[in-house]
Amino acid sequence: RSTYVAQRLTQLRELHVGNNRLAELHLDGYAALVTLIAPFNQLVEVPPALPSLAHVATIDLSNNAIATCAASVSGMGSLTRLDLSNNSLREVPPQLGLMTQLSVLSLGGNIMRAPPPSLLAGPTTKLLAYLRDKLPEGDLAAAAAKATQGSAPSACSDATIGGVPVGALLTQ
């Protein structure tokens, strides 16, 4: 039955499902989705299909019971607003720091020891820089190499990771 609903809603751009006691959210087939608003549910994970949705710009999964955030979320190049506040996160993947297109990254109210509360309060650019600094040594260079793989040397200056020029990431 849920497959039928997804087939009918392939052009859905906004999905508002807050305050519904949802324990899981299946987003397969919602290729046109731009906005997901799902606070105050009982979600325990970021919906697994979410990173595959290329157009999503806004995600609000605040006030749920989310315990983990997959590093694959960092590949969402259209994402500009991510609210994971007031969940059960113990940590977030440092790869989120590569998402410099984010204008809002809300992580407050979780059970994390790091980043410090002063960084969680903003600005987002400082929080992203903190997360980038936590990337395992070599990950940034590997990401840069992957982004430029198969490119002509003259094209390397145009390569980006998470919407940020590779050269800018390597100097930060």
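So, a few notes on the structure that sits alongside this text. In this text the structure is predicted, and so the values were computed from the model without any measurement.

**Overview of the side chain of S85**
Position of S85 among the secondary structure elements: in the loop between β4 (81-83) and β5 (104-106). Among all residues touching S85, those that are not within four sequence positions of it are S62, N63, S106, L107, G108 and N110.

**Quick word on the side chain of N87**
Turning to its location among the elements, N87 is positioned in the loop between β4 and β5. With residues near it in sequence (within four places) discarded, N87 still touches L61, S62, N63, N64, A65, I66, G109 and N110.

**Remarks on unusual backbone geometry**
Residue P115 follows A114 across a cis peptide bond; omega there is 0°. Turning to its location among the elements, P115 is positioned in the loop between β5 and α2 (117-120). Each neighbour pair has its own omega, and for G122 with P123 the value is 0°, a cis peptide bond. Within the secondary structure, P123 sits in the loop between α2 and α3 (124-133).

**Examining the sheet that holds β4**
Pairing in this open sheet of 5 strands is parallel, and the strands run β1-β2-β3-β4-β5 from one edge to the other. The open sheet terminates on both sides in strands that have one partner only, identified here as β1 (14-16) and β5. Each strand of the sheet is rotated relative to its neighbour by a mean of 5°, with strand direction disregarded. Across 3 bridges, β4 lies against β5 in parallel orientation. The residue bridging R81 from the neighbouring strand is V104, located in β5.

**Some words on α3**
If you check which residues of α3 are buried, you get T124, L127, L128, L131 and R132. Buried residues along α3 cover an arc of 140° about the axis, so they all sit on one side. Looking at α3, the residues exposed on the side facing more than 90 degrees away from the buried face are T125, K126 and D133.

**Observations concerning the nonpolar core**
The biggest cluster of nonpolar side chains holds 35 residues, and the ones touching the most others in it are L27, L36, L50, L61, L79 and L84. At 3 residues, the largest contribution of residues to this core is made by α3. Sequence-distant contacts of L36, that is, excluding residues within four places in its chain, are made with L15, L25, L27, L50, T58, I59, D60 and L61.

Reading the values: rules and limits
- Residues numbered from 1 in each chain as written.
- Predicted model: local features only at pLDDT ≥ 70, side-chain atom pairs only at ≥ 80, totals over all residues.
- Heavy atoms only, no water.
- Helix = DSSP H or I, 4+ residues; strand = E, 2+ residues; numbered from the N terminus.
- Contact = heavy atoms within 4.5 Å.
- Pairing = 2+ DSSP bridges.
- Axes fitted to C-alpha atoms, helices over the stretch in contact; angles between N-to-C directions.
- Buried < 20%, exposed > 50% of the residue type's maximum accessible area, 1.4 Å probe, protein only.
- Arc of directions from axis to C-beta.
- Core = buried A, V, L, I, M, F, W, Y, C linked by side-chain atoms within 4.5 Å.

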